[in-house]
Amino acid sequence: MASAPALSYPAGMIWLCSPDDSAESLPAAWLVSTPARPATLPERSALRRGMAARILARQLGLPPEAIAISREPRGRPLVAQPRGSGLHLSLATRAGMVAVALAHNPVGVDVEAVDEAAAPPLGVLHADEMSWLSGQPPERHALAFARLWSAKEAYVKALGTGFSRPPESFAVRLSTEGRITVWDGPRAVAASGVSRTIENGGQEILAAAMVVLG
């Protein structure tokens, strides 16, 4: 089956949906739908790394055995082989969707499921985010929260900190065009990104975000 065309987004960021597609430029993120539903952390890690190795091999024109993915002490994935690639990597998995982001600067990617049945946990949001969320139509609150949270996850992944810091200590801002900007105090590293939604096989709605530093 032919893959869907690449979707170009603001700031030169690209989304692709097949591991057999190569990005003409970076940053780029691959959102690959799979039938896999890994139940454990090791299974999810294996799925992410396997997909990332396949994409890297295709992107770099190398055999799969030339690719090795490791991780930094704080858990951020690392392109260990080939050495000196200069590429930054981020991975995520949700509801069978595997996300792989590549960039020349630190990058984060995340995918979140839209949960219509649960009330959004507003206590994890910055005051600006809560204000934005309250301005959305009530029937779109679940989607709006998933978009916010995926952007926040992507940002802390790009930083390499994860949520070792309070999630309400910084604010992500989403434009109607899908742009992401981040307010994190006057000393923060510049960060920008893109957000999109996906219907995963017509069964689930997912929110995805990619954020790049610098």
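Structure shown above.
This write-up is about the structure you can find in this document. (Residues numbered from 1 in each chain as written. Predicted model: local features only at pLDDT ≥ 70, side-chain atom pairs only at ≥ 80, totals over all residues. Heavy atoms only, no water.)

## Looking at unusual backbone geometry
- In this structure, the amide linkage connecting Leu26 to the following residue, Pro27, adopts the cis form with an omega of 10 degrees.
- Positionally, Pro27 belongs in the loop between strand 2 (14–16) and strand 3 (28–33).
- Here Gln81 and Pro82 are connected by a cis peptide whose omega angle stands at 0 degrees.
- One can find Pro82 in the loop between strand 5 (77–81) and strand 6 (88–94).
- For Ala95, which is not glycine, the phi torsion reads 50 degrees and is therefore positive.
- Position of Ala95 relative to the elements: it lies in the loop between strand 6 and strand 7 (97–103). (Helix = DSSP H or I, 4+ residues; strand = E, 2+ residues; numbered from the N terminus.)

## Description of the nonpolar core
- Counting residues in each nonpolar core, the largest one holds 22 residues, and the members touching the most others are Trp30, Leu56, Ile69, Leu89 and Val100.
- Mapped onto this core, the elements with two or more residues apiece are strand 2, strand 3, helix 1 (41–60), strand 6 and strand 7.
- Once residues within four sequence positions are removed from consideration, Leu56 is found in contact with Ile67, Ile69, Val79, Leu87 and Leu102.
- Residues Ala154, Val156, Phe170 and Val211 belong to the second largest nonpolar core, which totals 20 residues. (Core = buried A, V, L, I, M, F, W, Y, C linked by side-chain atoms within 4.5 Å. Buried < 20%, exposed > 50% of the residue type's maximum accessible area, 1.4 Å probe, protein only. Contact = heavy atoms within 4.5 Å.)

## Notes on the side chain of Glu129
- Tracing the backbone shows Glu129 in helix 2 (residues 127–134).
- On the basis of relative accessible area, Glu129 is assigned to the buried category, the value being 0%.
- Polar contacts involving the side chain of Glu129 include one to the main-chain amide nitrogen of His126, which spans 2.8 Å.
- Setting aside chain neighbours within four positions, we find Glu129 in contact with Leu148, Lys152, Phe170, Ala171 and Val172. (Polar contact = N/O pair within 3.5 Å; in protein donor to acceptor, adjacent residues only side chain to side chain.)

On their own, these measurements won't tell you what the molecule is for.
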